[in-house]
Amino acid sequence: MGILSLLILVPLIGSAVVAFVPASPTRSKQLALAFTVVTFVVAVVAYLQFSPGGEQFQLVESYQWIPALGVTFSLGVDGLGLVLVFLATLLTPLVILAGWNDVEDAQAQNGDSQSEGQVRGYFGLMLLLLAMTLTLFTALDVFLFYFLFEAVLIPVYFMIGRYGVGRRSYAAVKFLVFSLSGGLVMLAGLAVLWYVSAQITGEPTLYLPELIDIDIDPTVQTWIFWAFFIAFAIKAPLWPVTTWLPDAAGSSTPGTAILLIGVLDKLGSFGMLRFCLPLFPDAAESAAPVIIVLSLISIFYGGLIAIGQTDMKRMIGYISISHFGFIILGIFVFTSEGQVGSSFYMLGHGLSTALLFMVVGYMIARRKTSTIAEYHGLSTPTPLLAGMLLFAGLTALALPGMSTFISEFLVLLGSFTRVPWVGAVATLGIILAAVYILLFYQNTMTGKVTEKNKNLKDLNLRERVALAPLVVVVVVLGFYPAPVLNVLNPYVDDVMAQVGATDPPPTVPLATGVQP
Amino acid sequence: MSILTAAQAVLPMSDGAPAENVEPITATITAAQAGGAFPLMWLLFALPAVGAAVLLIVGRRSDRWGYLLACALPIGSFILACILLAQMMALPEADRQVTLELWNWTFAGSFDAAFALRLDPLSISFVMLITGVGSLIHIYSIGYMAEDPKRRLFFAYLNLFVAAMLLLVLADNYLLVYVGWEGVGLASYLLVGFWQYKDSAAVAAKKAFVMNRVGDVGLSLAIMLMFLTFGTVTFSDVFEAAPEASETTLTIIGLLLLLAAVGKSAQFPLQAWLLDAMEGPTPVSALIHAATMVTAGVYLVVRSNAIFDLSTTAISVVLAIGVITMTMGAWIACAQDEIKKSLAGSTMSQIGYMFLGAGLGPAGYVFAIFHLLMHGMFKADLFLSAGSVMHGNDDQKNMRLYGGLRVAMKVTMVAFFCGFLGISGLPPFDSWFSKDGIIDAALGVNVFAGLVALGVAGMTAFYMTRMLAMTFFGSPRWAEDQHPHESPPVMTVPMLILSIGALFGGLFFVYVAPIGEWLAPVTGYEESTPVIPEIPLKLTSLAIAIIGIALGWRKYATKDVPRVAPTNVTILTTAGRHELYGNAFNESLFMRPGQYLTRWLVWFDNRSLDGLVRGIATGIGDLGGKLRLWETGYARSYALSMLGGALLLGVVVATARWF
């Protein structure tokens, strides 16, 4: 058994243990935390075994699954997969710690009666979600990916619908309908791909490294590309298929929201880079103009609506729509800078979203409401909470010194070198980011504290411990991003080669050896 | 050399000939090659950065000693800066450009920006200003913030600012400049909004950050265009390749850099945030919004001289912005009644002079930086004195409620008076050399700009006299229960040290350590001959300053100043009181349309887009209707059966091999 199987098995076993072993809520939470910490350690070992710049897919393991169809159970990571595995395994234990009382808080918000089984179910699902997410980020067989792409809807559906707040049933089913529609379109594409692979190679295969090498007729490529792309565009929502996200964000517990938007939605952008580009390069190239325009719309649409939100969690949902716009933009400008930026952005967005939802979750835990207008002047009673909200906000507005700055700048740079006006327009988005973050901070944290907020307690030790690793990672990678860039650069080189794209050369290259 | 030609002594013409043969620095040497303290130059910004980190992480437990640590670290940087300066002076002129590469920072594709520092005569001049004035202001703040329960936090932010500002001027490539650039913006945001419980402070802080972000878009795009054009963003490589690029490209890069500079330096049309930023504690106004951060725009333009020299359009726009803002700022300063806002108008105006200087090209860069350094001293002195006045008068800011404070606050008055001498253009004090240097050079390059600059010098003398008279002279107008008192020595001593700079800085940099010779290898220099002969020009300039002072004195010292601002004033005064309607302009052009757009989009997203998507769903399977019926359970079963179907398919396929 390879390290990747171990990586998936640990949370899977954990999920069963947490869900089915009758234990007190506190004990169940401790168990869940322990399993996720072990998973993170396994992920670190995997990172250390990975050699940057080596084979594109490493730590590969492959098992027979459905030989008749040429379907295998194959795992392996490339640079991007590795970074996202790191993100998922880092965030889950912190989410458990930060959301220690998520279930109880949600029950209080809904006015439900307390029941102990709820805790086991919630954290069991969380571990199941982690196991599935990790399989998705490491799946090398397109069928395996598709299978989990659909299956992962189950834990998320219940995490929103059963453990969420407010109009949770509506939000959960809306999420499900959107995702399923995308998934079914993808299934059609998958079937065609399977058929085409059989036509070309004589034997059907859905094993990614083999598929990359075959040339598919451009017209067929176009059809399959869009089938895949629509599924991914719903997941990492791209305008106009975004409306499920704010509802899901608003009705989730903060913990669910982090895992859904911060981690799982990366499947969309991850899928575009991993499948759409290498498998259907010609189609991707001709689709790029449309997708670039949609990304630009997303950036401003999400940003402007975020400014007008009255609910904190929905607001973060719209901010994410704006950020997904940047991520998708960077992928489809076909430059090394843009794609490295987008890949890094996926990590940064996960960290930043986690920070925002955690702090907002702490606020909700204190006041049992997510309405912005309920909060005012919190910097007086809870200065540390206010400071952490500002820090989280600064990661979202991509302040230099935060890792998010490097990724956002690279996306903009990569877009600018390909199509200057696109880069220039997208750059205007950084003004919006300043407005929606600082306005939110001003409305909730500054000014004279209101009566209801006067006696709030500042962050306790558990809450601080959950935030601290994220703060450290964001700042360290902001000043020293090499551990991530060293892994992502060779990865993007591979993708660029598979797509057959080259970076635009400088218009005035210096003769004296400035060229690298 | 007569005093009348003193400004000429600034220039590198010791041999008496026009200094066309300035040796530009060509070779870059590494810190390791240079030896000595150079490999330690990273400590310059690391020391205050550590201070900020420690104070923020340790938190309230450092309340008792934190501020002392925070004062010690910038002083440490200052001492290191002095050592580095001495070593640099010992190097041959052509070698005074030392770089230190710390680590690989941002790299992707062919883009590569290292975490690398560069010390040359231009950056070390800034380092001296930042650490020197910065240290004094740290010390002053011990007294000024003594009563504030969050004093430790204040010092943490001050240290953060100093670290970011040093990184800004030490960076060896434009992307790293950007880190310092937004870093100082963050520190400014935190410090302007330091008293967060005040709504006005919170709003002002946000406004400053957002308006600066508009400028930052310019810096971002400039960096991108540089990379697209030259394939690099490192200073020396960009400057070396610049002559190869088309003038259009260089003009665009120049204008984008200028947009950034205009935002940071509160120049027209991004000037409206500066007066609001006076909401911050006064040491912040002195350090960030007078002496250092707001002059970063001038640094950026002068640093990028290789680009501006090649684009007549870009450099002309720099000049035009300088002329406009210089006038606007002085106009505002004449009309404001709050002492800090009047000083802020003055800052705008003085930085306008620097932009004008930089807009003259090689004829003016040296003077722009010279005036910047002088301004750093006399304006910090003026702000600290103003802070001392507020400190002794229950935080009263309105000059109409001061009057006659010379009796109660002698030391403060002396310090303020020294700052007054430094700014108003009287011989032989700071501006007599630095500002007149800009005016002289302007009259040689662009007569109109030179004449405006000459006129604004008169306004400068007028508004400074107005401030001096309204605060310290005339009859007392303060409230009964207000008991003006002198500030403690921990505040007055830094003020007095800065006063010395305000009085003698100009003389020092002309006769003792000629600043022109020092900077010219970096900035280049071309002599310009004023259209008016030397001696009449100097006499005119002096006469204008004296007229300004006389008018101000007659109006505000010899007559009673009403305690409530009179309403029967000229349209000019009304406009000045409203900051020339900059806020109204921004609000009607950007803010309100933006609010309408946001509201409309929220409506659209809730109704139309969501409705459309549901409508499409209805079209293909009546999902929309089912969604509304969700609570009854139909849609639940429908959706779940879809999911079940998809999964069943998977399971069937997955288990196929067993059949």
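Scoring rules and cut-offs
- Residues numbered from 1 in each chain as written.
- Chains lettered and ligands numbered in written order.
- Predicted model: local features only at pLDDT ≥ 70, side-chain atom pairs only at ≥ 80, totals over all residues.
- Heavy atoms only, no water.
- Helix = DSSP H or I, 4+ residues; strand = E, 2+ residues; numbered from the N terminus.
- Contact = heavy atoms within 4.5 Å.
- Buried area = accessible area lost by both parts, 1.4 Å probe.
- Polar contact = N/O pair within 3.5 Å; in protein donor to acceptor, adjacent residues only side chain to side chain.
- Axes fitted to C-alpha atoms, helices over the stretch in contact; angles between N-to-C directions.
- Parallel < 35°, antiparallel > 145°, perpendicular 65-115°, else oblique.
- Left-handed = near helix turned anticlockwise from the far one by under 90°.
- Nonpolar A, V, L, I, M, F, W, Y, C, P; charged D, E, K, R; others polar.
- Salt bridge = Lys/Arg side-chain N within 4 Å of Asp/Glu carboxyl O.
- Buried < 20%, exposed > 50% of the residue type's maximum accessible area, 1.4 Å probe, protein only.
- pLDDT = per-residue confidence, 0-100.
- Core = buried A, V, L, I, M, F, W, Y, C linked by side-chain atoms within 4.5 Å.
- Expected span 1.5 Å × (residues − 1).
- Patch = residues over 30% accessible without salt bridge, like charges linked within 9 Å, V, L, I, M, F, W, Y side chains within 5 Å.
- Areas by Shrake-Rupley, 256 points an atom, 1.4 Å probe, with all protein chains shown as cover.
- Lys, Arg positive; Asp, Glu negative; His and termini not counted.
- Charge placed at Lys NZ, Arg CZ, Asp CG, Glu CD.
- Phe/Tyr/Trp six-rings, centres within 6.5 Å; stacked < 30°, edge-to-face > 60°.
- Lys NZ or Arg CZ within 6 Å of the ring centre and 35° of its normal.

Things to note about unusual backbone geometry
All names here are of chain B.
Right, so step 1: Put simply, phenylalanine 268 and proline 269 share a cis peptide bond, and its omega is 5 degrees.
Right, so step 2: Within the element layout of this structure, proline 269 appears in the loop between helix H10 (247-264) and helix H11 (273-276).
Right, so step 3: That bond from proline 427 to proline 428 is cis: its omega, -5 degrees, falls within 30 degrees of zero.
Right, so step 4: Here glutamate 579, not a glycine, exhibits a phi torsion of approximately 55 degrees, which is positive.
Right, so step 5: Looking at the secondary structure, you find glutamate 579 in the loop between helix H24 (571-577) and helix H25 (582-621).
Right, so step 6: Residue leucine 580 is not a glycine yet carries a positive backbone phi of 55 degrees.
Right, so step 7: Relative to the helices and strands, leucine 580 resides in the loop between H24 and H25.

Quick look at the interface of chain B and chain A
Right, so step 1: Counting from both sides, the interface comprises 76 residues of chain B and, opposite them, 95 residues of chain A.
Right, so step 2: Summing the contributions of chain B and of chain A, the shared interface buries around 7200 Å²; its carbon and sulfur component is 74%.
Right, so step 3: Contact with chain A buries surface across chain B, with B:Arg213, B:Met224 and B:Leu228 losing the most and accounting together for 10% of the total.
Right, so step 4: Counting across the chain B and chain A interface gives 17 residue pairs in polar contact (both at pLDDT 80 or more).
Right, so step 5: Mapped onto the side of chain B that touches chain A, the elements with two or more residues apiece are strand E2 (98-108), strand E3 (111-119), helix H7 (174-192), helix H8 (199-230), helix H9 (235-241), H25, helix H26 (623-628) and helix H27 (634-655) of chain B.
Right, so step 6: With 18 residues, the top contributor of residues to the side of chain B that touches chain A is H8(B).

Topic: the packing of helix H19 (residues 420-427) of chain A against H8(B)
Right, so step 1: As a packed pair, H19(A) and H8(B) sit with axes 10 Å apart at the nearest point and diverge in direction by 155 degrees. With respect to their mutual orientation, H19(A) and H8(B) come out roughly antiparallel. Like other packed secondary-structure pairs, H19(A) and H8(B) cross with a definite hand, here right-handed. The residues of H8(B) that touch H19(A), namely those facing A:Pro420, A:Gly423, A:Ala424 and A:Thr427, are B:Val217, B:Ser220, B:Leu221, B:Met224 and B:Leu228.
Right, so step 2: Among the residues making up the contact of H19(A) with H8(B), the classes are represented as 6 nonpolar, 3 polar and no charged.

Things to note about the pattern of salt bridges
All names here are of chain B.
Right, so step 1: Within the structure shown, the criterion is met by 20 salt bridges over all chains.
Right, so step 2: The salt bridge partner of arginine 118 is aspartate 172, with a shortest N-O separation of 3.6 Å. In this pair, arginine 118 sits in strand E3 while aspartate 172 sits in the loop between helix H6 (151-170) and H7, placing the two residues 54 residues apart along the sequence.
Right, so step 3: Classification of arginine 118 as buried rests on a relative accessible area of 4%.
Right, so step 4: Residue aspartate 172 is classed as buried on the basis of its relative accessible area, which comes to 8%.
Right, so step 5: Two residues, lysine 207 and aspartate 276, come together in a salt bridge whose shortest N-O distance is 3.0 Å. Of the two residues, lysine 207 sits in helix H8 while aspartate 276 sits in helix H11, which places them 69 residues apart along the sequence. Accessibility classification places lysine 207 together with aspartate 276 in one group, the buried group.
Right, so step 6: The network of salt bridges with shared partners includes Arg118, Asp120, Asp172 and Arg303.

Here we look at the environment of A:His323
Residue and element names in this part refer to chain A.
Right, so step 1: By the element assignment, histidine 323 lies in helix H15 (residues 312-332).
Right, so step 2: Separated by 106 residues in sequence, histidine 323 and glycine 429 have C-alpha atoms that sit 9.7 Å apart.
Right, so step 3: The residues contacting histidine 323, other than those within four sequence positions of it, are Tyr345, His349, Ala396 and Tyr436.

Here we look at the confidence of the model for chain B
All names here are of chain B.
Right, so step 1: Of all residues in chain B, 88% have pLDDT values of 70 or greater, and the mean over the chain is 87.
Right, so step 2: Low pLDDT, under 50, characterises residues 620-632; the predicted model gives this stretch 25 contacts beyond four residues in sequence or across chains.
Right, so step 3: Scored by ipTM, the complex comes to 0.93, with pTM at 0.92.

Some points on the nonpolar core
Right, so step 1: If you look at the biggest cluster of nonpolar residues, it comprises 443 residues, and the most contacted ones within it are A:Phe228 and A:Phe332.
Right, so step 2: Among the elements that make up this core, the one with the highest residue count is helix H17 (residues 365-391) of chain B (18 residues).
Right, so step 3: Each residue touching A:Phe332, except ones within four places of it in the same chain, is listed here: A:Phe225, A:Phe229, A:Met272, A:Leu277, A:Ala284, A:Ala288, A:Ile291 and A:Ile292.

Focus on helix H10 (residues 218-235) of chain A
Right, so step 1: Taking 1.5 Å of rise per residue, the 18 residues of H10(A) would be expected to cover 26 Å, and the 25 Å separating its terminal C-alpha atoms lies within 8% of that figure.
Right, so step 2: Along H10(A), the residues classified as buried are A:Gln221, A:Ile224, A:Phe225, A:Ala227, A:Phe228, A:Phe229, A:Ala231, A:Phe232, A:Ala233, A:Ile234 and A:Lys235.

Brief notes about a negative patch on the surface
Residues and elements named next belong to chain A.
Right, so step 1: On the surface, Glu203, Glu210, Asp213, Asp215, Asp282 and Glu285 cluster together into a patch of negative charge.
Right, so step 2: For the negative patch, the elements supplying multiple residues, two or more each, are helix H9 (208-213) and helix H14 (281-307).
Right, so step 3: Residue position: glutamate 285 is located in helix H14.
Right, so step 4: Here glutamate 285 falls in the exposed class, since its relative accessible area comes to 51%.

Quick word on the packing of aromatic side chains
Right, so step 1: Applying the stated criterion across every chain yields a total of 55 aromatic pairs over all chains.
Right, so step 2: When the centroid spacing of 6.0 Å and the interplanar angle of 75 degrees are considered together, the rings of A:Phe145 and A:Phe232 count as edge-to-face. Separated by 87 residues along the polypeptide, A:Phe145 in helix H6 (residues 142-151) and A:Phe232 in helix H10 bring together distant segments of the chain. Each member of the pair, A:Phe145 together with A:Phe232, is buried.
Right, so step 3: Here B:Tyr189 and B:Phe209 contribute two aromatic rings whose centre-to-centre distance is 5.9 Å and whose plane-to-plane angle is 75 degrees, an arrangement assigned as edge-to-face. Of this pair, B:Tyr189 sits in helix H7 while B:Phe209 sits in helix H8; the two residues are 20 residues apart in sequence, bridging distant segments of the chain. Each member of the pair, B:Tyr189 as well as B:Phe209, carries the same accessibility label: buried.
Right, so step 4: Pairwise contacts between aromatic rings join A:Phe145, A:Phe149, A:Phe228, A:Phe232, A:Phe275 and A:Phe280 into one cluster.
Right, so step 5: One cation-aromatic arrangement involves A:Arg367 over A:Tyr375; the distance from NZ or CZ to the ring centre is 5.6 Å.
Right, so step 6: The residue whose ring lies beneath B:Lys538 is B:Trp432, and the NZ or CZ to ring-centre distance is 4.6 Å.

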